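# Summary of the model geometry
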Amino acid sequence: MALPDTMNEHLLTQELEKRETRYRTILSSVQDIVFTLDKAQRCTGVYGQWLERHHLAPEDFLGRSVQDIFGEEDSLAHREASEKAFRGESVVYEWSILVNGERRYFQISLSPIKNEEGSIEEVVGVGRDITDLKEAEEFYQKLLDGIPYPASLINRERRILAQNKATESFAGSKVGDICWLSFHGTDTLSASQKLELEKSGVLPPDAHCLYCRGDEALERQEAIVEEVELKGRILETGWVPLGSDIYLHYSIDITKYKEVERELRKERDLAQKYLDTADVIFLILNPQAEVTLLNRKGAEVLGYAQEELVGKNWFDVCVPTRVQEEVKNAFARLMAGENETVGHIENPVVTRSGEERLIAWHNALLRDDENCIVAVLSAGIDITESRKMEEELRYLNFHDKLTGVHSRNFLEKEIERLDIATQLPISVIMVDVNGLKLVNDTYGHERGDELLRCAAQVLKASCREQDVIARFGGDEFVILLPETSWKEAQKVCQKIRSKAKGVFVEEVPLSLALGLATKESREESLTEVLRRAEGEMYRQKLAETRSSRSAIINALLNTLETKSYETQLHTQRMQKVGLAIAERIQLPDTEVNRLKLAIMLHDIGKITLPEEILKKTGPLLPEEWELIKKHSESGYRIVRATPEFAHVAEEIWSHHEWWDGSGYPRGLEKEEIPLLARIIALADAYEVMRYGRPYKKAMSQEEIVAELKRSAGTQFDPELVEVLLLLIQLEKTNSDCL
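The sections below set out a description of the structure shown in this document. (Residues numbered from 1 in each chain as written. Predicted model: local features only at pLDDT ≥ 70, side-chain atom pairs only at ≥ 80, totals over all residues. Heavy atoms only, no water.)

### Considering the overall build of the chain
Formally: The way it works is that DSSP assigns letters per residue, a run of H or I at least four long becomes a helix, a run of E at least two long becomes a strand, and they are numbered from the N terminus. Categorising residues by exposure relies on relative accessible area from a 1.4 Å probe, with only protein chains included: less than 20% of the type maximum marks a residue as buried, more than 50% marks it as exposed, and the intermediate range marks it as partly exposed. Contacts between residues were defined by any pair of non-hydrogen atoms, one from each residue, lying within 4.5 Å. Working definition of accessibility: Shrake-Rupley area with a 1.4 Å probe, residue cover restricted to the visible protein chains.
Within the chain, the regular secondary structure consists of 29 helices and 21 strands. Residues classed as buried in the chain amount to 43% of the 738 residues present. Within the chain, counting contacts between residues at least 6 apart in sequence, those at least 24 apart form 52% of the total. Carbon and sulfur atoms provide 51% of the accessible area of the chain, an area that totals close to 40,800 Å².

This is the structure we're talking about:
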């Protein structure tokens, strides 16, 4: 029976050895260091890959105390922890020792090993080399301590791994605390969470910080920065990932900065308001010619929104292509400090619509603290319209606005300039437009202006480019012909007369009176030559006036015949009746001649009326009748403008007055009406009644007599009616008196 027991014991021993070998193998493969100590604190076992990494063997430790291995000073912390473990406590502590001349840091965990009776025979320890972690912590701690504002290292559990003094001072936190609880307290907890915390002293697992974005920063692996209000302060708070599980959390108190920023913003907004209300363009360009500021006025002028131009290159967007290179070069020299004088300049800008505007700029260089040029501030005024007005005023000062030729002011300056020997001989032509007053009175000043423009065109077409043509007065022009003899100037006069032929305004022919004089010696002034030309012109005008006026009157009468029923035959028949009456009442020859002229011109005022009214066959509208009633006054003005016809103006004005005062235009009655006007009225009415009109058939002798008797004493002079009735009676006896 003893053999089987011996065999069992042997097998058991083998199994124990196998297991021990297996355990040793397992322990030796552990990355950390595992060791056992006896009650004398001698090492009874040591295992782990750490020994191999640091070229150590178990024999270096077995049977030796920590004091023997590492010395008195380094073994002190270990002895105290080991004593606690042999008293039955589990101990965790940090320990630093010299290993191969290098100090290494360990986190040691000691636990007591009890026998079957419950007595402690050994202590087992596990040591983790935390040297690299310690160095990292030291690095991060130095980093944190170098930050002047609160900063801390935090893990995913929101535990503070390290913090600087500013954090401790600001939040009252300690390493190991939950960060947000230190910063915010229980303010972010719900009522139930606060109650649970008070009862258990343990933070509820679902509690979290409303403000923290650390997890988000770790997930995104990028820094997150935002502003947070905390305890009445404004903080710039950041979460910066430092690997996959730790992030740097910092908070910068920017309350004062924000207050300053608000004040600066107020000042900026106020300044912007001033800039925007100013009726001046304000523009700032940086060294790259990019717009950094443009006020509302500038945006309005350019047709852009302010934000559309900020950041854009000024020259590429707002300067016309034709001047871009020039302006760019000037700007480059300015920014390089080559040209310190940046006063008043003018240059065009182009708007969004493509329109060019002329801007007057006043510029100032902006410099930094080191006196380097950093920008150009320009204040600009849109002078487009004022410049146009200046140019127009300058043009008007030296040009006649109506005709486009030069003005008298310009002529006087040219007389001074040209009155020198090198311009000899110099000829002067004085030109007068005949019949201007007659055209003005007949057709109105618009037609008179057109007559002047036609005259100016004729003069320009007849002269050379170097000749000076100027309007001298109402109907007068002066032409200066430098280096032109009298004979050459005479050819110019002939050219003017030739070109004026066939030129008409309405039905009025253009008629010009010319006077020529030439300066051939230095002694005579050009002003005196001008006077001689004027005298010559007036002499010619006197010689040609009667014929030119007659030509105008005849043209008017021919036109009137074309546009109305006032034919030459009608005038001849009226004259026959009028002269018969004049003979019966024994008018003097001078009055007979006036009567003939007055009858010829009696309806000349109708030249101013529209043809559609003059030839209308139906009844006239009230407004048309009012126009008709004005023709006698128009005729009065026309003949008054012509001296040789002016002596019948009163008769033409009055030939539609009635004996009883109900006529027009002045309501004269009886003998207030000139005798010749009464004769004209009677002759005109008789001719219409006897011969009719397209819109009115002729009347019989009996009807005419009845109408004359009915109108005697109302429309017509009763005595003159008696004379006409007698003439009608005589005509029945084969007398051709009417």
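Having put the structure on the table, let's press on.
### Focus: the sheet that holds strand S8 (residues 224-230)
Which entries qualify depends on this criterion: DSSP bridges decide pairing: two strands pair if at least two such bridges lie between them. All axes here are fitted lines through C-alpha atoms, helices being fitted over the stretch that makes contact, and every angle between N-to-C directions spans 0 to 180 degrees.
The sheet built from five strands is open, its strands ordered S7-S6-S10-S9-S8 with antiparallel pairing. Two strands in the sheet have a free side with no partner beyond their single neighbour: strand S7 (160-163) and S8. Within the sheet, the average angular offset between the axes of one strand and its neighbour, ignoring direction, is 25 degrees. In this fold helix H5 (residues 131-145) packs onto strand S6 (151-155), S7 and strand S10 (246-253), with an angle of close to 55 degrees to the strand it touches most, S7.

### Quick look at the side chain of Asp684
Looking at the secondary structure, you find Asp684 in helix H27 (residues 675-691). Under the relative-accessibility criterion, Asp684 is labelled buried at 12%.

### Some words on the pattern of salt bridges
Convention followed: Within this document, salt bridges are pairs made up of a side-chain nitrogen of Lys or Arg and a carboxyl oxygen of Asp or Glu, the two lying within 4 Å of each other.
Following the criterion strictly, the structure yields 41 salt bridges and no others. In this structure, Glu651 and Arg594 form a salt bridge, with 2.7 Å as the shortest nitrogen-oxygen distance. Of this pair, Glu651 sits in helix H26 (residues 649-654) while Arg594 sits in helix H22 (residues 589-601), and the two are 57 residues apart along the sequence. Of the two residues, Glu651 and Arg594, both sit in the buried class. Linked by salt bridges that have partners in common, Arg213, Glu216, Arg220, Glu222 and Glu226 make up one network.

### Examining the packing of aromatic side chains
One pair of aromatic rings is described through two measures. These are the centre distance and the angle between the planes. What counts is decided by this rule: Stacked, tilted and edge-to-face are the three classes assigned to paired rings of Phe, Tyr and Trp, where Trp is represented by its six-membered ring and a pair needs centres within 6.5 Å; plane angles under 30 degrees give stacked, over 60 edge-to-face, the rest tilted. Here, a charge over a ring means that NZ of Lys or CZ of Arg falls within 6 Å of the ring centre while also lying within 35 degrees of the ring normal.
Evaluated as defined, the whole model comprises nine aromatic pairs. Residues Phe70 and Trp95 carry aromatic rings whose centres are separated by 5.5 Å and whose planes lie at 85 degrees to one another, so their mutual orientation is edge-to-face. Note that Phe70 is positioned in helix H3 (residues 66-70) and Trp95 in strand S3 (residues 91-99), a separation of 25 residues in sequence. Relative accessible area serves as the criterion here: at 8%, Trp95 is assigned to the buried category. Relative to Phe331, the ring of Phe315 lies with its centre 5.3 Å away and its plane at 65 degrees, an arrangement referred to as edge-to-face. With Phe315 in helix H13 (residues 314-318) and Phe331 in helix H14 (residues 321-335), this pair connects stretches of sequence that are 16 residues apart. Note on accessibility: Phe315 and Phe331 belong to one class, buried. Put simply, the rings of Phe61, Phe70 and Trp95 touch in pairs and so form one group of aromatic residues. Taking NZ or CZ as reference, Arg408 lies 3.8 Å from the ring centre of Phe472, over its face. The side chain of Arg666 reaches across the aromatic face of Trp653, ending 3.8 Å from its centre.

### Describing H14
Definition in use: Expected span of a helix: the number of residues minus one, times 1.5 Å.
For H14, with 15 residues, the first-to-last C-alpha span of 21 Å sits near the 21 Å given by 1.5 Å per residue. All of the buried residues along H14 are Val323, Gln324, Val327, Phe331, Leu334 and Met335. The inward-facing, buried residues of H14 contact strand S11 (281-285), H13, strand S13 (344-350), strand S14 (356-367) and strand S15 (373-382). Immediately downstream of H14, the backbone of Gly337 shows phi near 80 degrees, a positive value.

### Some thoughts on the sheet that holds S11
One open sheet holds the five strands; their spatial order is S12-S11-S15-S14-S13, and the pairing between them is antiparallel. Edge positions in the sheet fall to strand S12 (291-294) and S13, since each of these pairs with one other strand and no more. Sheet twist, expressed as the average angle between the axes of neighbouring strands with direction ignored, equals 30 degrees. Alignment of S13 against S14, held across seven bridges, turns out to be antiparallel. Residue pairing for S14: Glu346 is matched across the bridge by Ala360. Together, S11, S13, S14 and S15 form the strand contacts of H14, whose direction differs from that of S15 by roughly 135 degrees.

### Structural notes on a negative patch on the surface
For the record, the criterion: Only residues whose relative accessible area exceeds 30% and that take part in no salt bridge are eligible for patches, with like-charged residues grouped when within 9 Å of each other and nonpolar side chains (Val, Leu, Ile, Met, Phe, Trp, Tyr) grouped when within 5 Å. Asp and Glu count as negative and Lys and Arg as positive, but His and the ends of the chain are not part of the count. Here the site of a charge means NZ on Lys, CZ on Arg, CG on Asp, or CD on Glu.
Where like charges cluster on the molecular surface, the negative patch consists of Asp660, Glu669, Glu671, Glu672, Glu719 and Glu722. Looking at the element boundaries, Glu672 is found in the loop between H26 and H27.

### Side note on the state of the cysteines
What counts is decided by this rule: When the sulfur atoms of two cysteines come within 2.5 Å, that pair is taken as a disulfide.
Inspection of the entire model under this criterion finds zero disulfides. Sulfur of Cys493: no disulfide; nearest cysteine sulfur belongs to Cys463 and is 9.0 Å away.

### Section: the pairing of strand S17 (residues 468-471)
Within a regular strand, side chains alternate between the sheet's two faces. Residues Val468 and Ala470 of S17 are buried on one face, and the alternating residues Ile469 and Arg471, pointing to the opposite face, are buried as well. Hairpin remark: S17 followed by strand S18 (residues 476-481), antiparallel, with four residues in the connecting loop.

### Looking at unusual backbone geometry
In this structure, the amide linkage connecting Leu424 to the following residue, Pro425, adopts the cis form with an omega of -10 degrees. One can find Pro425 in the loop between helix H16 (408-418) and strand S16 (426-433). Each neighbour pair has its own omega, and for Tyr664 with Pro665 the value is 10 degrees, a cis peptide bond. Even without being glycine, Gln221 reaches a positive phi, approximately 50 degrees. Looking at the element boundaries, Gln221 is found in the loop between helix H9 (214-220) and S8. One non-glycine residue, Gln586, lies in positive phi territory at about 60 degrees. The residue Gln586 is located in the loop between helix H21 (568-584) and H22 in this model.

### Points about the pairing of strand S1 (residues 33-37)
Judged by how many residues are buried, S1 sits mostly within the fold: five of five residues are covered. Of the two faces of S1, the one carrying Ile33, Phe35 and Leu37 and the one carrying Val34 and Thr36 are both buried. When S1 meets strand S5 (residues 120-129), the two strands line up antiparallel, connected through five bridges. Bridge assignment links Val34 to a residue of S5, and that residue is Val126. Sheet topology note: the S1/strand S2 (residues 43-47) ladder contains four bridges and is antiparallel. The partner of Val34 across the bridge, within S2, is Tyr47. Connecting S1 to the antiparallel partner S2 that follows it, the hairpin turn spans five residues, and Gln41 within it adopts a positive phi of roughly 65 degrees.

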